[in-house]
Amino acid sequence: MTPAQTAMLQALSPILGDKGIVTDPALIAPWEVDWRRRFSGHAPAILAPADTGQVQAVLRAAAEHRVPLVPQGGNSSMVGGATPPADGSAMILSTRRMNRIRRIDAGAGMVVAEAGVILADLHAAAEAEGTRFPLTLGAKGNATVGGLVSTNAGGTQVLRFGTMRGLTLGVEAVLPDGSLYDGLSALKKDNRGYDLGQLLIGAEGTLGIVTAAALRLAPGIVRGATAWVGLADPAAGLALLRRLQAASDMIESFEIMPAESLAAAVAHLPGARAPLEGTHPWHVLIEAVTGDAHADPAAMLEAQLARALEDGVAADAVIAASEAQGQAFWLLRHSLSDAERALGAAVQHDIAVPVDAMPRFMVEAAAACDARFPGTHASGFGHLGDGNIHFHVRAAPGADRDRFYAEEAATITRFVHDLVMAAGGTISAEHGIGQMKRDELARLSPERVAAIRAIKTALDPHGLFNPGKLVACA
């Protein structure tokens with residue numbers, strides 16, 4: 001620990017107390033490695049403020065002693081965005097103790113939640129009030145509100161409700177100088193120049209610390225239906241989605257996956273089974289819901305899927321007969337990332353292309369990677385309705401994991417990203433940039449990076465906030 005870090009902890013000790021400062025290496029260690037175990041670092045301490053005032057004290061002390069901070073919630077980043085640097089220069093600022101839901105107003109369709117509130121707990125609190133927060137993802141048991149806001153998270157309901165940017169009505173954040181930005185009032189009209197709240201959404205903790213957010217709620221579900229469909233190819237999936245959207249406004253999720261991803265999930269989950277008999281090259285999971293007691297999502301899906309089967313757009317389909325069966329379908333989908341990770345070393349890409357280009361891209365990009373990198377195997381699954389593909393290139397069987405990441409991963413990633421850009425897409429759809437994609441962003445979008453760096457330098461002139469993420473330190 002450096003003299004500056006020691007002096008900073010001494011100054012913060014009477015403010016944060018024993019629960020607010022962790023220096024035991026054994027307790028810190030789990031938070032020094034990212035979820036995918038691709039990145040690791042070292043932090044001499046974890047600072048865990050209990051409220052916004054304590055966050056302000058931490059940031060003022062950090063500015064005074066020039067100690068960098070790495071904000072962290074559930075540590076579920078897919079791009080190494082919450083991992084401290086290896087040199088021990090930064091402390092982790094954990095928001096997990098800030099886990100209060102300050103207010104729920106079902107009538108206004110709004111909830112104010114602190115940064116450390118876990119997504120699953122937010123879901124439960126909203127449901128208790130007869131409403132819901134319409135963003136769901138596989139890491140809902142770990143991901144926190146602050147991290148979701150800071151990465152502009154997506155998930156499986158973007159098709160109907162958009163990303164966190166669209167669901168965030170306002171934010172409260174502490175800026176690098178310790179001053180408080182209070183934007184929780186959720187004004188529908190506020191024309192005072194730059195929207196600082198929107199600037200903080202997706203900033204990955206590089207411009208300040210989000211301490212709370214006002215979030216949009218949706219009406220509670222009165223009726224819902226879940227369907228699983230077998231398809232010949234992704235083009236059939238898009239055709240089916242267009243039909244359903246033309247027939248109803250109840251389609252909330254439309255997830256697509258190849259047969260191999262489903263097989264991996266079934267193998268990974270004890271007691272799991274495929275929803276359909278027989279084999280199908282591709283599968284889609286569909287969720288239709290409504291808050292209207294007079295509407296019937298199941299009847300709508302039954303009628304539309306029957307036509308799709310008659311026309312040959314779909315090969316087979318089943319509508320969940322119970323809520324438990326529907327949850328079993330979703331468990332397969334939410335287990336895909338864990339199942340893919342269990343298969344071994346792979347280079348993961350969270351990318352997006354225009355929706356109409358997604359079916360062709362999923363097939364042709366995978367074939368291009370297989371041809372370019374013999375022995376590897378590429379495939380993708382994702383959110384067909386918004387063009388987001390989780391595109392993975394797995395190492396050859398028996399390949400050395402460390403050597404694969406050290407010697408091949410970067411070349412594979414450049415190849416995939418070049419395909420994405422040629423298709424008019426983006427190299428980061430919902431996971432952020434972190435440190436995994438930082439250099440690729442600079443390579444492919446230098447003008448964007450120059451603007452980002454200018455903003456960061458203006459707000460964080462000493463480069464103390466999440467150093468090395470999103471943009472390289474100047």
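The structure under discussion appears in the preceding block.
Criteria and thresholds
Residues numbered from 1 in each chain as written. Predicted model: local features only at pLDDT ≥ 70, side-chain atom pairs only at ≥ 80, totals over all residues. Heavy atoms only, no water. Pairing = 2+ DSSP bridges. Helix = DSSP H or I, 4+ residues; strand = E, 2+ residues; numbered from the N terminus. Contact = heavy atoms within 4.5 Å. Axes fitted to C-alpha atoms, helices over the stretch in contact; angles between N-to-C directions. Expected span 1.5 Å × (residues − 1). Buried < 20%, exposed > 50% of the residue type's maximum accessible area, 1.4 Å probe, protein only. Left-handed = near helix turned anticlockwise from the far one by under 90°. Nonpolar A, V, L, I, M, F, W, Y, C, P; charged D, E, K, R; others polar. Polar contact = N/O pair within 3.5 Å; in protein donor to acceptor, adjacent residues only side chain to side chain.

> Looking at this model, I keep getting lost on the sheet that holds strand β3 (residues 69-72). Mind explaining?
The pairing of strands in a sheet comes from backbone hydrogen bonds and takes either a parallel or an antiparallel form. Judged by pairing direction, the sheet is mixed, and its 4 strands sit side by side in the order β1-β2-β4-β3 without closing on themselves. Sheet topology places β1 (21-22) and β3 at the edges, where each strand pairs with a single neighbour. Alignment of strand β2 (residues 46-47) against strand β4 (residues 91-94), held across 2 bridges, turns out to be parallel. For L47, the partnering residue across the bridge sits in β4 and is L93. Contacts from helix α3 (residues 52-65) reach β2, β3 and β4 within the one sheet, and its direction differs from that of β3 by about 155 degrees.

> How do you make sense of helix α12 (residues 323-334) when you look at a structure like this?
For an α-helix the count is 3.6 residues per turn, leaving residues at separations of three or four pointing the same way. Look at α12: 16 Å from first C-alpha to last across 12 residues, which is about the 16 Å you get at 1.5 Å a residue. By the burial criterion, the buried members of α12 are G326, F329, W330, L332, R333 and H334.

> In this structure, what is going on with the packing of helix α14 (residues 358-372) against helix α15 (residues 401-422)? I would like to understand it.
Between two packed helices, the angle of one axis relative to the other and the distance separating the axes together describe the packing. Two elements in contact, α14 and α15, have axes separated by 11 Å at closest approach and are oriented at 145 degrees. The handedness of the crossing between α14 and α15 is right-handed. Along the contact surface, α14 presents F361, A365, A368, C369 and R372, while α15 presents T411, F415, V416, L419 and V420. Counted by class, the contact of α14 with α15 contains 8 nonpolar, 1 polar and 1 charged residues.

> Please clarify how the side chain of S77 should be interpreted in this entry.
Secondary-structure assignment places S77 in the loop between β3 and β4. At 3.2 Å, the side chain of S77 and the backbone nitrogen of V79 are in polar contact. A polar side-chain atom of S77 sits 2.9 Å from the main-chain amide nitrogen of G81. Not counting chain neighbours up to four residues away, the residues in contact with S77 comprise D34, W35 and A82.

Such coordinate-based values are descriptive only and should not be taken to indicate function.
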